Every structure is written in C-alpha cells, then in structure tokens.
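If you want the building blocks of each chain, they are given just below.
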Amino acid sequence: MLVLQRGSEAGRRWPLDRSRPITIGRSEECDIMLPDRQVSRLHARIRWQGEYYQLEDLGSKNGTHVNGQEVQSATILHDGDEIQIALRFKLAFVDAGATAPLTFEPATSGLRLDKETRQVWVNGKLIDPPLSLHQYRLLEALWDAGGGVITRDQVIAAVWPEASSEGVSEQAIDALVRRLRERIAELDEDFRYIVTVRGHGFRLENR
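Chains are numbered independently. Their residues run from 1 in the order of the written sequence. Local features are withheld for residues below a pLDDT of 70 in this predicted model, meaning they are given only at 70 or higher, and side-chain atom pairs are given and counted only at 80 or more; totals for whole chains, interfaces and linings count all residues. Just so you know, side-chain values use all the structure's heavy atoms and leave hydrogens and water out.

**Some details on the overall build of the protein**
Here is step 1 of the chain: Helix and strand assignments come from DSSP, with helices taken as H or I runs of at least 4 residues and strands as E runs of at least 2, each series counted from the N terminus. On a plain count of helices and strands, the protein comes out with 3 helices and 16 strands.
Here is step 2 of the chain: Any pair of residues with heavy atoms lying within 4.5 Å of one another is described as a contacting pair. Nonlocal contacts in the protein, meaning residues at least 24 apart in sequence, comprise 42% of its contacts between residues at least 6 apart.
Here is step 3 of the chain: Per-residue and other accessible areas follow the Shrake-Rupley method at a 1.4 Å probe size, with only the shown protein chains counted as cover for residues. Summing over all exposed atoms, the protein offers an accessible surface of approximately 11200 Å²; the carbon and sulfur share of this is 45%.

**Thoughts on helix H2 (residues 152–159)**
In an α-helix, one turn spans 3.6 residues; hence positions three or four apart end up facing the same way.
Here is step 1 of the chain: Type-normalised accessible area, obtained with a 1.4 Å probe on protein chains alone, sets the label of each residue: buried when under 20%, exposed when over 50%, and partly exposed for intermediate values. Looking only at H2, the buried set comprises Val155, Ile156 and Val159. For H2, the buried positions fall inside an angular range of 100° around the axis, keeping them on one side. Exposed positions of H2 whose direction lies more than 90 degrees from the buried face are Asp153 and Ala157.
Here is step 2 of the chain: Its buried side turned inward, H2 meets helix H1 (133–144), helix H3 (170–185) and strand E16 (201–204). To be clear, the arc concerns the directions from the helix axis to the C-beta atoms.

**Some points on the confidence of the model for the protein**
Here is step 1 of the chain: Per-residue confidence for the protein gives a mean pLDDT of 87; residues scoring 70 or more make up 90%.
Here is step 2 of the chain: The score called pLDDT rates the predictor's confidence residue by residue, from a low of 0 to a high of 100. Note that residues 99–106 has pLDDT below 50 and, in this model, 13 contacts with residues that lie over four places away or in other chains.

**Topic: unusual backbone geometry**
Here is step 1 of the chain: Residue Pro129 is bonded to the preceding Asp128 through a cis peptide linkage, with omega at 5°.
Here is step 2 of the chain: When you line up the elements, Pro129 lands in the loop between strand E14 (125–126) and H1.
Here is step 3 of the chain: Residues other than glycine seldom take positive phi values, yet Asn67 does so here, at roughly 50°.
Here is step 4 of the chain: When you line up the elements, Asn67 lands in the loop between strand E7 (64–66) and strand E8 (69–70).
Here is step 5 of the chain: With phi around 60°, Arg118 is a residue other than glycine that occupies positive phi space.

**Quick look at the packing of H2 against H3**
Each pair of packed helices can be summarised by the angle the axes make with each other and by the distance between the axes.
Here is step 1 of the chain: At a minimum axis distance of 11 Å, the contact between H2 and H3 shows a crossing angle of 75°. By the angle between their directions, the pair H2 and H3 is classed as roughly perpendicular. Residues Arg152, Val155, Ile156 and Val159 of H2 touch H3, and the partners they reach there are Glu170, Ile173, Asp174 and Leu176.
Here is step 2 of the chain: Its residues assigned to classes, the contact of H2 with H3 shows 5 nonpolar, no polar and 3 charged. Axes here refer to lines fitted to C-alpha atoms; in helices the fit is confined to the stretch in contact. Angles between the N-to-C directions go from 0 to 180 degrees. An angle below 35 degrees is treated as roughly parallel, one above 145 as roughly antiparallel, one from 65 to 115 as roughly perpendicular, and anything else as oblique. The residue classification treats Ala, Val, Leu, Ile, Met, Phe, Trp, Tyr, Cys and Pro as nonpolar and Asp, Glu, Lys and Arg as charged. All others, Gly included, are polar.

**So, the packing of aromatic side chains**
Here is step 1 of the chain: Aromatic rings from Phe, Tyr and Trp, taking only the six-membered ring of Trp, are treated as a pair when their centres fall within 6.5 Å; an angle between ring planes under 30 degrees marks them as stacked, one over 60 as edge-to-face, and anything in between as tilted. Tallying each qualifying case throughout the model produces 3 aromatic pairs.
Here is step 2 of the chain: For the ring pair Trp48 and Tyr53, a centre distance of 4.9 Å and an interplane angle of 65° mean the geometry is edge-to-face.
Here is step 3 of the chain: Under the relative-accessibility criterion, Tyr53 is labelled buried at 9%.
Here is step 4 of the chain: With 4.8 Å between their ring centres and 70° between their planes, Phe191 and Tyr193 make a pair best called edge-to-face.
Here is step 5 of the chain: Here the aromatic residues Trp48, Tyr53 and Phe93 are joined through ring pairs into a cluster of three or more.
Here is step 6 of the chain: Note on geometry: a ring has a charge over it if NZ (lysine) or CZ (arginine) is within 6 Å of the ring centre and within 35 degrees of the ring normal. Between the NZ or CZ atom of Arg18 and the centre of the ring of Trp48, over which it lies, the distance is 3.9 Å.
Here is step 7 of the chain: Directly above the ring of Trp121 sits Arg112, whose terminal nitrogen or CZ lies 3.9 Å from the centroid.

**Some thoughts on the pairing of strand E3 (residues 22–25)**
Here is step 1 of the chain: With burial as the criterion, each face of E3 is covered, one bearing Ile22 and Ile24 and the other bearing Thr23 and Gly25.
Here is step 2 of the chain: With 3 bridges connecting them, E3 and strand E5 (residues 44–48) associate as antiparallel partners. Bridging from a neighbouring strand, Ile24 pairs with Ala44 of E5.
Here is step 3 of the chain: We call two strands paired when DSSP finds no fewer than two bridges between them. Here 2 bridges tie E3 to strand E4 (residues 32–33), and the two strands are oriented parallel to one another. Within the sheet, the bridge partner assigned to Ile24 lies in E4 and is Ile32.

**Things to note about the side chain of Gln38**
Here is step 1 of the chain: Along the chain, Gln38 turns up in the loop between E4 and E5.
Here is step 2 of the chain: Overall, the relative accessible area of 7% leaves Gln38 in the buried class.
Here is step 3 of the chain: In contact with Gln38, other than residues within four places in its own chain, are His43, Asn62, Ala86, Arg88, Asp144, Ala145 and Gly146.

Printed below as a string of structure tokens:
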C-alpha cells in the first residue's frame, strides 16, 4: 500500500493491486489523485512486475523521487521507501509482507504547510503564534512554486493582490522576506529555507 505522509490528509492509505497498474496524478481519472498544480495530470505509475512493485515517472513536469533520488527509469520499490511527487507530496511504500504502522506522524524534518488551516510546521513543530497574513501568502507562493524561482512581481501579486507593482517597494519585499526567515529560524536556525536568487527572485528549499 501507499500511505500519505505529508499534506492535509496525512495518514490516508491506498492499497496496491497486482492485477493492474496504479496511476498517480492530478487528473480525476488517476487511482491516486493529488489535486495540486505542481503535480502533472498523469504523473507516475506503479505496477506489479511478477516479484516486485515498480515505479515509473510518466514524463511529469516536476519529477518523481524515491528516497531523494530522481526517478529516471523504472525503479523497484522496497518496504519503507519514500516516494516524493513533485516535491509536494510524500508517500510511504509499505510492502504487502510488512506490517503497516497504525498511523503515520507528519514529517518531523523540514517545513510543512497546511493550506486548509494556514498552519505551518518546521521540523514537526507548529509555528506559534501563526504567521501574519502577508508572511503566510509569501510562504504559500514559494511552496506552490515547488522549488522554482518566483519573481518580485509574482511576490507582489501573491502577497499584495490589491496593489500595483509600482506601489510596493523592493525594501518592503526584502523586509517581508527577512521577517519570514526570522519566524522560520525560531524553530530551525541551521537551515536556510528561503533562498535569494540574485537578479531573479526567491525560491523555497526544503529539507
């Protein structure tokens, strides 16, 4: 089976079927639907190959990883493997011969964001008091970029949608980025999550 480890439905399980392939993607036609724009409509596929399950990336835009390694060709899955879809969703592969734990705790390393509640965790600890509205909007824009760079104009559109690009100074953007970094550093001062890409903008680097 596959167990969702990160996301608002953490702990959700999907049984695997040896008789047919299981598809993963954004499309409602997929067996495992992950409704996020960073996920391709038909992102990845798992199939039984006689003695083992095999994972394939289906030419997705943002990639599929197993235990941190990008899937370039069909990859054999082993019990406990962590499958990452578009750097947004983490799925644990539990072999049929293994005993699945009753529950999966949210990831205890890195940053995790729940859009429904607007809560943010760093290394398994909730940021409390919560981020300000502007801080949260900035973090969500970075999160949605899936590790890609967002420009200053995109920051303005996400954080200050009511303002024109001329109405928000670079100093205001830099101050917001600095304050968000400080809030994250309250729980993890050893890792720089928000990276400045000179001449381009910012991106989120997660553990």
